[in-house]
Amino acid sequence: MSIPTFPADSQTSDIVAALEESGCAVVSGLIDADLRASIMDELAPAMAKTRVIQDDDPKQFYPGHTRRVSALAARSSAVAENLIAHPVSTSVCDEFLLPNSEYGYQIHVSAALEVGPGARGQVLHREEDSFTFFEEPRPNIIVASMWAISDFRADNGGTLIVPGSHKWPKDRVATEEEIFSAEMPAGSVLFWMGGLLHGAGSNTSEDWRYGVILTYSLGWVRQEENQYLDVPKARLAELSPEVRKLLGFEMYSALGFHDPSV
Ligand SMILES: O=C(O)CCC(=O)C(=O)O
(Lines give C-alpha, C1' and ligand atoms only; values in the text may rest on other atoms or scores of the structure.)
Protein backbone atom coordinates (compact mmCIF):
# COMPACT_ATOMS: atom_id res chain seq x y z
CA MET A 1 0.00 0.00 0.00
CA SER A 2 1.16 3.59 -0.67
CA ILE A 3 -0.34 7.10 -0.59
CA PRO A 4 -2.69 7.60 -3.58
CA THR A 5 -2.08 10.92 -5.38
CA PHE A 6 -4.47 12.87 -7.60
CA PRO A 7 -4.29 15.98 -9.81
CA ALA A 8 -6.48 18.99 -8.93
CA ASP A 9 -9.17 18.21 -11.54
CA SER A 10 -9.87 14.69 -10.24
CA GLN A 11 -13.37 13.43 -9.53
CA THR A 12 -14.32 13.56 -5.85
CA SER A 13 -15.54 9.97 -6.15
CA ASP A 14 -11.99 8.80 -6.99
CA ILE A 15 -10.50 10.66 -4.01
CA VAL A 16 -13.23 9.29 -1.72
CA ALA A 17 -12.66 5.73 -2.98
CA ALA A 18 -8.90 6.07 -2.25
CA LEU A 19 -9.62 7.45 1.22
CA GLU A 20 -11.99 4.60 1.96
CA GLU A 21 -9.40 2.01 0.89
CA SER A 22 -6.08 3.53 2.03
CA GLY A 23 -7.29 6.08 4.59
CA CYS A 24 -5.20 8.79 2.92
CA ALA A 25 -4.89 10.70 -0.37
CA VAL A 26 -2.90 13.64 -1.76
CA VAL A 27 -4.47 16.14 -4.17
CA SER A 28 -1.88 18.37 -5.84
CA GLY A 29 -1.98 21.81 -7.47
CA LEU A 30 -4.85 23.32 -5.47
CA ILE A 31 -3.46 26.61 -4.10
CA ASP A 32 -1.07 29.00 -5.81
CA ALA A 33 2.08 30.74 -4.61
CA ASP A 34 0.31 34.09 -3.93
CA LEU A 35 -2.18 32.48 -1.57
CA ARG A 36 0.58 30.54 0.19
CA ALA A 37 2.55 33.78 0.63
CA SER A 38 -0.53 35.57 2.04
CA ILE A 39 -1.08 32.78 4.56
CA MET A 40 2.55 32.95 5.73
CA ASP A 41 2.47 36.79 5.86
CA GLU A 42 -0.72 36.89 7.93
CA LEU A 43 0.56 34.25 10.35
CA ALA A 44 4.11 35.65 10.56
CA PRO A 45 3.51 37.93 13.60
CA ALA A 46 2.00 35.07 15.64
CA MET A 47 4.66 32.63 14.40
CA ALA A 48 7.42 35.08 15.39
CA LYS A 49 6.01 35.31 18.92
CA THR A 50 5.82 31.52 19.25
CA ARG A 51 8.73 29.87 20.98
CA VAL A 52 10.48 27.18 18.98
CA ILE A 53 10.65 24.17 21.31
CA GLN A 54 14.41 23.83 21.89
CA ASP A 55 14.91 20.90 24.24
CA ASP A 56 13.49 17.72 22.85
CA ASP A 57 11.68 15.59 25.40
CA PRO A 58 10.89 12.22 23.77
CA LYS A 59 7.88 11.89 26.08
CA GLN A 60 6.34 15.10 24.73
CA PHE A 61 3.79 14.97 21.92
CA TYR A 62 5.37 17.94 20.12
CA PRO A 63 9.02 17.32 19.16
CA GLY A 64 11.79 19.90 19.66
CA HIS A 65 12.65 22.26 16.79
CA THR A 66 8.97 22.67 15.87
CA ARG A 67 6.43 25.43 16.42
CA ARG A 68 2.70 25.80 15.96
CA VAL A 69 0.18 28.60 15.79
CA SER A 70 -3.55 27.86 16.16
CA ALA A 71 -6.77 29.97 15.99
CA LEU A 72 -6.28 30.38 12.24
CA ALA A 73 -9.80 31.70 11.52
CA ALA A 74 -9.04 34.63 13.82
CA ARG A 75 -5.53 35.19 12.53
CA SER A 76 -5.68 34.66 8.77
CA SER A 77 -8.29 35.81 6.27
CA ALA A 78 -6.45 33.82 3.62
CA VAL A 79 -7.04 30.60 5.58
CA ALA A 80 -10.60 31.54 6.58
CA GLU A 81 -11.69 32.55 3.09
CA ASN A 82 -9.80 30.03 0.97
CA LEU A 83 -8.99 26.88 2.92
CA ILE A 84 -11.58 26.20 5.63
CA ALA A 85 -14.45 25.78 3.16
CA HIS A 86 -12.35 24.69 0.19
CA PRO A 87 -14.69 22.76 -2.16
CA VAL A 88 -12.40 19.70 -2.28
CA SER A 89 -12.40 19.52 1.53
CA THR A 90 -16.15 20.00 1.88
CA SER A 91 -16.91 17.39 -0.80
CA VAL A 92 -14.68 14.86 0.98
CA CYS A 93 -16.23 15.72 4.39
CA ASP A 94 -19.77 15.54 2.95
CA GLU A 95 -19.10 11.92 2.00
CA PHE A 96 -17.50 10.76 5.23
CA LEU A 97 -19.02 12.91 7.97
CA LEU A 98 -22.58 13.80 6.93
CA PRO A 99 -23.79 10.18 7.19
CA ASN A 100 -22.90 10.29 10.92
CA SER A 101 -23.86 13.94 11.51
CA GLU A 102 -26.94 14.97 9.56
CA TYR A 103 -26.91 18.68 10.51
CA GLY A 104 -23.30 19.18 9.47
CA TYR A 105 -19.70 18.97 10.59
CA GLN A 106 -17.25 21.47 12.05
CA ILE A 107 -13.62 22.48 12.25
CA HIS A 108 -11.95 20.36 14.92
CA VAL A 109 -8.44 21.89 14.81
CA SER A 110 -6.80 24.68 12.82
CA ALA A 111 -3.04 25.22 13.10
CA ALA A 112 0.04 26.19 11.15
CA LEU A 113 2.79 23.65 11.86
CA GLU A 114 6.46 24.30 11.24
CA VAL A 115 9.00 21.49 11.48
CA GLY A 116 12.57 22.77 11.69
CA PRO A 117 15.98 21.24 10.97
CA GLY A 118 16.88 18.66 13.61
CA ALA A 119 13.29 17.80 14.60
CA ARG A 120 12.67 14.15 15.44
CA GLY A 121 9.64 12.27 14.13
CA GLN A 122 6.43 12.69 16.11
CA VAL A 123 4.88 9.66 17.80
CA LEU A 124 2.34 8.06 15.48
CA HIS A 125 -1.21 8.72 16.65
CA ARG A 126 -4.83 8.90 15.50
CA GLU A 127 -6.83 12.14 15.39
CA GLU A 128 -9.74 10.26 16.96
CA ASP A 129 -7.75 9.14 20.03
CA SER A 130 -9.81 11.42 22.34
CA PHE A 131 -13.00 9.54 21.50
CA THR A 132 -12.26 6.50 23.64
CA PHE A 133 -15.98 5.72 23.96
CA PHE A 134 -15.74 3.97 20.57
CA GLU A 135 -13.48 0.96 20.00
CA GLU A 136 -11.07 0.88 17.05
CA PRO A 137 -11.72 0.73 14.20
CA ARG A 138 -14.14 3.58 15.03
CA PRO A 139 -17.00 4.95 12.96
CA ASN A 140 -15.88 8.03 10.96
CA ILE A 141 -15.63 10.94 13.42
CA ILE A 142 -12.87 13.05 11.86
CA VAL A 143 -11.46 13.85 8.42
CA ALA A 144 -8.05 15.56 8.55
CA SER A 145 -6.30 17.70 5.97
CA MET A 146 -2.77 19.12 5.76
CA TRP A 147 -2.12 21.91 3.27
CA ALA A 148 1.47 22.01 2.01
CA ILE A 149 2.47 25.68 2.22
CA SER A 150 6.09 24.63 1.57
CA ASP A 151 7.15 21.48 -0.25
CA PHE A 152 6.71 18.35 1.90
CA ARG A 153 9.62 15.92 1.51
CA ALA A 154 10.83 12.79 3.28
CA ASP A 155 13.89 14.72 4.56
CA ASN A 156 12.16 17.92 5.78
CA GLY A 157 9.45 16.49 8.05
CA GLY A 158 6.74 15.53 5.55
CA THR A 159 3.85 13.92 7.42
CA LEU A 160 4.31 10.20 8.13
CA ILE A 161 1.29 8.12 7.22
CA VAL A 162 0.42 4.44 7.68
CA PRO A 163 -1.93 3.64 4.78
CA GLY A 164 -4.67 1.18 5.70
CA SER A 165 -4.22 1.63 9.48
CA HIS A 166 -7.69 3.22 9.82
CA LYS A 167 -9.01 -0.36 9.60
CA TRP A 168 -6.56 -1.85 12.11
CA PRO A 169 -7.37 -3.01 15.64
CA LYS A 170 -6.06 -0.75 18.43
CA ASP A 171 -2.91 -2.69 19.30
CA ARG A 172 -1.45 -3.37 15.85
CA VAL A 173 1.93 -1.60 15.57
CA ALA A 174 3.18 -0.33 12.20
CA THR A 175 6.42 -1.81 10.84
CA GLU A 176 9.00 0.48 9.13
CA GLU A 177 7.84 -0.79 5.70
CA GLU A 178 4.25 0.24 6.47
CA ILE A 179 5.14 3.90 7.21
CA PHE A 180 5.24 6.33 4.24
CA SER A 181 6.24 9.96 4.00
CA ALA A 182 3.58 12.15 2.34
CA GLU A 183 5.83 13.84 -0.20
CA MET A 184 3.94 16.57 -2.03
CA PRO A 185 4.76 19.88 -3.71
CA ALA A 186 3.67 23.16 -2.10
CA GLY A 187 0.02 23.85 -3.01
CA SER A 188 -1.10 20.24 -2.45
CA VAL A 189 -3.33 18.91 0.29
CA LEU A 190 -3.05 15.58 2.12
CA PHE A 191 -6.31 14.11 3.45
CA TRP A 192 -6.40 11.31 5.99
CA MET A 193 -9.11 9.60 7.99
CA GLY A 194 -9.35 10.27 11.73
CA GLY A 195 -8.58 6.63 12.49
CA LEU A 196 -5.32 6.57 10.50
CA LEU A 197 -1.90 6.41 12.20
CA HIS A 198 0.21 9.45 11.32
CA GLY A 199 2.66 12.03 12.73
CA ALA A 200 5.10 14.71 11.62
CA GLY A 201 8.28 13.26 10.08
CA SER A 202 11.84 13.99 11.21
CA ASN A 203 13.67 16.87 9.53
CA THR A 204 17.24 16.05 8.50
CA SER A 205 17.39 18.92 5.97
CA GLU A 206 18.37 22.58 6.32
CA ASP A 207 14.82 23.82 5.52
CA TRP A 208 11.71 24.46 7.58
CA ARG A 209 8.60 22.55 6.57
CA TYR A 210 5.41 24.65 6.72
CA GLY A 211 1.92 23.08 6.75
CA VAL A 212 -1.60 24.16 7.70
CA ILE A 213 -3.61 21.43 9.39
CA LEU A 214 -7.41 21.69 9.28
CA THR A 215 -9.35 18.80 10.75
CA TYR A 216 -13.14 18.39 10.61
CA SER A 217 -15.33 16.49 13.08
CA LEU A 218 -18.97 15.44 13.44
CA GLY A 219 -21.14 18.41 14.46
CA TRP A 220 -22.22 16.79 17.73
CA VAL A 221 -18.81 16.11 19.29
CA ARG A 222 -16.67 18.57 21.25
CA GLN A 223 -14.12 20.39 19.08
CA GLU A 224 -10.46 19.85 20.00
CA GLU A 225 -9.78 23.58 19.52
CA ASN A 226 -12.11 25.97 21.37
CA GLN A 227 -13.35 28.30 18.61
CA TYR A 228 -15.78 30.03 20.99
CA LEU A 229 -12.82 31.42 22.93
CA ASP A 230 -10.44 31.86 19.99
CA VAL A 231 -12.62 33.78 17.52
CA PRO A 232 -13.63 37.21 18.87
CA LYS A 233 -17.19 38.40 18.10
CA ALA A 234 -15.94 41.26 15.90
CA ARG A 235 -13.90 38.83 13.81
CA LEU A 236 -16.85 36.44 13.54
CA ALA A 237 -18.92 39.18 11.89
CA GLU A 238 -16.34 39.39 9.08
CA LEU A 239 -16.57 35.69 8.20
CA SER A 240 -18.95 34.16 5.67
CA PRO A 241 -22.00 32.24 6.96
CA GLU A 242 -20.47 29.01 5.60
CA VAL A 243 -17.23 29.54 7.53
CA ARG A 244 -19.10 30.61 10.69
CA LYS A 245 -21.10 27.38 10.51
CA LEU A 246 -17.94 25.34 9.96
CA LEU A 247 -16.38 26.94 13.02
CA GLY A 248 -19.33 25.70 15.10
CA PHE A 249 -21.25 29.00 15.44
CA GLU A 250 -24.57 27.53 14.34
CA MET A 251 -26.82 25.29 16.37
CA TYR A 252 -26.65 21.57 15.72
CA SER A 253 -30.30 20.55 16.19
CA ALA A 254 -30.91 21.59 19.84
CA LEU A 255 -27.20 21.87 20.71
CA GLY A 256 -25.42 25.18 21.21
CA PHE A 257 -28.11 27.74 22.00
CA HIS A 258 -27.12 31.02 23.64
CA ASP A 259 -28.69 34.28 24.76
CA PRO A 260 -27.55 37.12 22.47
CA SER A 261 -28.70 39.72 25.02
CA VAL A 262 -25.93 38.70 27.44
O1 LIG B 1 2.85 18.10 11.27
C2 LIG B 1 2.46 17.02 10.80
O3 LIG B 1 2.84 16.57 9.73
C4 LIG B 1 1.43 16.20 11.57
C5 LIG B 1 1.03 16.88 12.84
C6 LIG B 1 0.12 16.12 13.69
O7 LIG B 1 -0.32 15.03 13.39
C8 LIG B 1 -0.30 16.69 14.96
O9 LIG B 1 0.31 17.66 15.45
O10 LIG B 1 -1.28 16.16 15.55
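Scroll up a little and you will see the structure.
The structure contained in this document is the topic of the report that follows. (Residues numbered from 1 in each chain as written. Predicted model: local features only at pLDDT ≥ 70, side-chain atom pairs only at ≥ 80, totals over all residues. Heavy atoms only, no water.)

### Observations concerning the overall build of the protein
Next, step 1: Secondary structure assignment for the protein yields 8 helices and 10 strands.
Next, step 2: Against the globule reference of 18 Å for 262 residues, the protein gives a C-alpha radius of gyration of 18 Å, in line with a compact fold.
Next, step 3: Based on the C-alpha atoms only, the size of the protein along its principal axes is roughly 55 × 40 × 40 Å.
Next, step 4: Counting the 262 residues in the protein, one finds 51% classified as buried.
Next, step 5: Across the protein, every contact between residues at least 6 apart in sequence was considered, and the portion connecting residues at least 24 apart equals 79%.
Next, step 6: Here the protein has roughly 12500 Å² of accessible surface; of this, 53% comes from carbon and sulfur atoms.
Next, step 7: The distance from the centre of the 20 positive side-chain charges to the centre of the 37 negative ones in the protein is 7 Å. (Helix = DSSP H or I, 4+ residues; strand = E, 2+ residues; numbered from the N terminus. Rg over C-alpha atoms; globule rule 2.2 N^0.38 Å. Buried < 20%, exposed > 50% of the residue type's maximum accessible area, 1.4 Å probe, protein only. Contact = heavy atoms within 4.5 Å. Areas by Shrake-Rupley, 256 points an atom, 1.4 Å probe, with all protein chains shown as cover. Lys, Arg positive; Asp, Glu negative; His and termini not counted. Charge placed at Lys NZ, Arg CZ, Asp CG, Glu CD.)

### Concerning the pattern of salt bridges
Next, step 1: Inspection of the entire model under this criterion finds 8 salt bridges.
Next, step 2: Glutamate 136 is the partner of arginine 138 in a salt bridge, and the nearest nitrogen-oxygen pair spans 3.3 Å.
Next, step 3: In this structure, arginine 235 and glutamate 238 form a salt bridge, with 2.7 Å as the shortest nitrogen-oxygen distance.
Next, step 4: Taking relative accessible area as the criterion, arginine 235 reaches 11% and is therefore assigned buried.
Next, step 5: It is possible to trace a salt-bridge network through shared partners that takes in Asp129, Glu136 and Arg138. (Salt bridge = Lys/Arg side-chain N within 4 Å of Asp/Glu carboxyl O.)

### Observations regarding the sheet that holds strand β1 (residues 5–6)
Next, step 1: On the basis of which strands lie adjacent, the open sheet formed by 7 strands has the order β1-β2-β8-β5-β10-β4-β3 and mixed pairing. Looking along the sheet, the strands with just one partner apiece sit at the ends: β1 and β3 (66–70).
Next, step 2: Alignment of strand β4 (residues 105–115) against strand β10 (residues 209–218), held across 10 bridges, turns out to be antiparallel. Looking at the pairing, tyrosine 105 lines up with leucine 218 of β10.
Next, step 3: Its contacts with the sheet place helix α1 (residues 12–22) against β1, β2 (24–27) and β8 (189–193), and it is angled at close to 145° to β2.
Next, step 4: The strands touched by helix α5 (residues 87–97) are β4, β5 (142–148), β8 and β10; relative to β5, the strand with the most contacts, the crossing angle is about 160°. (Pairing = 2+ DSSP bridges. Axes fitted to C-alpha atoms, helices over the stretch in contact; angles between N-to-C directions.)

### Here we look at the side chain of serine 217
Next, step 1: The residue serine 217 is located in strand β10 in this model.
Next, step 2: We classify serine 217 as buried; its relative accessible area is 0%.
Next, step 3: Here histidine 108 takes part through its side chain, which lies 3.0 Å from a polar atom of the side chain of serine 217.
Next, step 4: In this structure serine 217 touches Leu97, Tyr105, Gln106, His108, Ile141 and Ile142, once residues within four positions along its chain are discounted. (Polar contact = N/O pair within 3.5 Å; in protein donor to acceptor, adjacent residues only side chain to side chain.)

### Side note on the sheet that holds strand β6 (residues 160–161)
Next, step 1: In spatial order, the strands read β7-β6-β9; together these 3 strands make up an open sheet with antiparallel pairing. Among the strands making up the open sheet, the edge pair consists of β7 (180–181) and β9 (198–199).
Next, step 2: Two elements, β6 and β9, share 2 bridges in a ladder whose sense is antiparallel. Across the sheet, residue isoleucine 161 finds its bridge partner in β9, namely histidine 198.

### Details of the site of the ligand
Next, step 1: Neighbouring the ligand are the residues Phe61, Tyr62, Arg68, Leu113, Gln122, His125, Met146, Thr159, His198, Ala200 and Arg209.
Next, step 2: At 2.5 Å, a side-chain N or O of arginine 68 approaches an oxygen atom of the ligand.
Next, step 3: Arginine 209 places a polar side-chain atom, nitrogen or oxygen, 2.7 Å from an oxygen atom of the ligand.
Next, step 4: For the ligand, the accessible surface in isolation is 290 Å², of which the surrounding protein chains cover 95%.
Next, step 5: Classifying every residue of the shell around the ligand gives 5 nonpolar, 4 polar and 2 charged. (Near = heavy atom within 4 Å. Nonpolar A, V, L, I, M, F, W, Y, C, P; charged D, E, K, R; others polar.)

### Concerning the nonpolar core
Next, step 1: Ile39, Ile84, Trp147, Val212 and Leu214 are the most contacted members of the largest nonpolar core, which totals 52 residues.
Next, step 2: Apart from residues lying up to four places away in sequence, isoleucine 39 is in contact with Ser76, Ala78, Val79, Leu83, Ile149, Tyr210 and Val212.
Next, step 3: Residues Ile3, Val26, Ala111 and Ala182 belong to the second largest nonpolar core, which totals 17 residues. (Core = buried A, V, L, I, M, F, W, Y, C linked by side-chain atoms within 4.5 Å.)

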